[in-house]
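Listed here are the chains, written in short residue letters.
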Amino acid sequence: MLDQGAPSAPPHNRTTPVPPSAGARLMRRKPVERLVAEGGQGEGGTLRRSLGLWQLTMISIGATLGTGIFVVLGQAVPKAGPAVTLSFVIAGLTALFSALSYAELAGTIPVSGSSYSYAYATMGELIAWVCGWCLLLEYGVSVAAVAVGWGEYLNELLKGTIGVTIPAALSEPPGDGGVFNLPALIVVLLAMVFLMSGAKESARANTVMVCVKIASLVLFCAIGVQGFRSGNYAHFMPLGMSGVSAAGATLFFSYIGFDAASTAGEEAKDAQRDLPRAIMLSLVIVTALYVLVAAVAVGAKPWRQFTGSEAALAQIMREVTGQTFWGTLLAACAVVAIASVVLTVLYGQTRILFAMSRDGLVPKVFSRVHPKTGAPRANTVIVSLFCGVLAAAVPLGQLADATSIGTLFAFALVNVAVVVLRRTRPGMRRSFRVPLSPLLPAVGFVLCVWMMGSLSAVTWVVFGVWMAVGLVFYFGYGFRRSRLATPSEK
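Quantities reported herein were computed from a predicted structural model and do not represent experimental measurements.

(A) Geometry of the nonpolar core. Counting residues in hydrophobic clusters, the biggest one holds 148 residues, and the most contacted among them are Leu73, Val84, Phe88, Tyr153, Phe220 and Leu313. Considering each element in turn, this core owes the most residues, 20 residues, to helix H7 (residues 125–161).

What follows is the structure in structure tokens.
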């Protein structure tokens, strides 16, 4: 028997906990179980689970469909010529491989942080921060870029209805002949009002707008095909494969919305079942419509005439019919359609910041939930004002390319994360599994890196500056305030 009165071991024999090294702190991972358990919890309230498969799919389509066709098409056609249809296919395939990885992770880790949370669970805090910072670039800047295009279609609508337009000084950003893009600021503030009422109410408004945009694109195809000229495809690839690649990198901006459904993980009724379905279903619908509309548009208008056109579809409708009515009608639909992109992408931005704030990496104000609406109101106001001012002051082309590089970087990390989680947690329940893993995630990663290489040197410089600012913020704020850095909260 043990001697109950035996003296304890000398103090010098006890082991003293060794503080983790700086490297270990940078690689600290947040357990998946903890991520899921904290779902919906914010400062002073919780997010409400009110979204089903239909609403999630509409959020994903709402954030995706419209951007590339209504706005960026005029930027991409001069780069690729008629082969812009091929550029859409390449961008869509790149998105598809990443979407498969998103679908698996969304069903496994159904939280609001999207790829930021997936990286936190698999690759550690520093990589998660980098991913989250890229998402802020992806979502925040894309809101501004789409808002710029909204102003173009608003002018088309005003011109066709009352015969006046907003003066260039108030409808174009500096550098494009204006002083301040007032319409871009207005549409962001309108989206802010909807979001402050709650996720369910915002989803209803978005569903109506998505139906309008799909109907408008079908109408464009039905009328635009009447002006189709096969001669417009005579020189299919006038600028070579490099042009197709460059246009594809720009058009990848058009596909960023499919992952918006993953940012609603903490407001979905059955996230593990519905998120993967919503992501894949929305991407299939959007890609089919993009390719169809692009093919009709280039067939109806010589590719060289797209230069400088940010309201190309309305112009084509007017030219094909010889009447202003159809172009005006499409412009009206585009005003509604693009507003839905602003609404849903702004929604995604606020939910990513919500997750980062809950983890302590950004200030707590971003995770404060209003008890009545169940929405992060302060977060919504701050993000909306920032995006609105950005939209009013920066030209579209620069915004679109900056968004693309942030998106591609985040998507590349998601393809890595799905492989890492398969290796580290093979027994976890997965409602969807990427087929042929790790081959398909590897292909998705390579395609993302390839398309990043197709972007301009200026875009890379902007991206480098953005990442440097993000690292300064992380080491100055998030590294010390992270909830994982506090032993009592582990």
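What follows continues from the structure just given.
(B) Region of interest: empty space enclosed by the protein. Inspection of the entire model under this criterion finds 1 cavity of 30 Å³ or more. Estimates place the volume of the largest cavity at around 60 Å³. Lining the largest cavity, in full, are Ile59, Leu195, Ala199, Ser202, Ala203, Asn206, Leu343, Thr344 and Tyr347. Secondary structure elements with two or more residues in the lining of the largest cavity: helix H10 (199–224) and helix H14 (324–358).

(C) Local environment of the packing of H10 against helix H12 (residues 271–300). At their nearest, the axes of H10 and H12 sit 9 Å apart, and the two run at 35 degrees to each other. When you trace H10 past H12, the crossing you get is left-handed. Each of Ile214, Leu217, Phe220, Cys221 and Gly224 in H10 lies in contact with H12, whose residues at this interface are Leu289, Leu292, Val293, Val296, Ala297 and Ala300. When the residues that make up the contact of H10 with H12 are grouped by side-chain class, the tally is 10 nonpolar, 1 polar and no charged.

(D) Broad picture of unusual backbone geometry. In this structure, proline 438 follows serine 437 across a cis peptide bond, with omega equal to 10 degrees. Examined against the element boundaries, proline 438 turns out to sit in the loop between helix H16 (396–424) and helix H17 (439–453). Positive phi, close to 55 degrees, is recorded for leucine 436, a residue that is not glycine. Its location among the elements puts leucine 436 in the loop between H16 and H17.

(E) Highlighting helix H11 (residues 240–251). A rise of 1.5 Å per residue sets the reference length of H11, with its 12 residues, at 16 Å; its end C-alpha atoms lie 17 Å apart and thus fit the reference within 8%. Turning to H11, its buried residues number three or more, namely Gly243, Val244, Ser245, Ala247, Gly248, Ala249, Thr250 and Leu251.

(F) Region of interest: the side chain of serine 114. The residue serine 114 is located in the loop between helix H5 (84–108) and helix H6 (115–122) in this model. One polar contact links serine 114 to serine 262, side chain to side chain, over a distance of 3.0 Å. Each residue touching serine 114, except ones within four places of it in the same chain, is listed here: Tyr102, Leu135, Asp259, Ser262 and Thr263.

What counts, and where the lines are drawn
Residues numbered from 1 in each chain as written. Predicted model: local features only at pLDDT ≥ 70, side-chain atom pairs only at ≥ 80, totals over all residues. Heavy atoms only, no water. Core = buried A, V, L, I, M, F, W, Y, C linked by side-chain atoms within 4.5 Å. Buried < 20%, exposed > 50% of the residue type's maximum accessible area, 1.4 Å probe, protein only. Helix = DSSP H or I, 4+ residues; strand = E, 2+ residues; numbered from the N terminus. 1 Å grid on protein atoms, 1.4 Å probe; cavity = no way out; pocket = protein on both sides within 12 Å on 5 of 7 lines; lining within 4 Å. Points joined across faces, edges and corners; volume = space filled by probe spheres on them. Axes fitted to C-alpha atoms, helices over the stretch in contact; angles between N-to-C directions. Left-handed = near helix turned anticlockwise from the far one by under 90°. Contact = heavy atoms within 4.5 Å. Nonpolar A, V, L, I, M, F, W, Y, C, P; charged D, E, K, R; others polar. Expected span 1.5 Å × (residues − 1). Polar contact = N/O pair within 3.5 Å; in protein donor to acceptor, adjacent residues only side chain to side chain.

That's the geometry; what it means functionally is another story.
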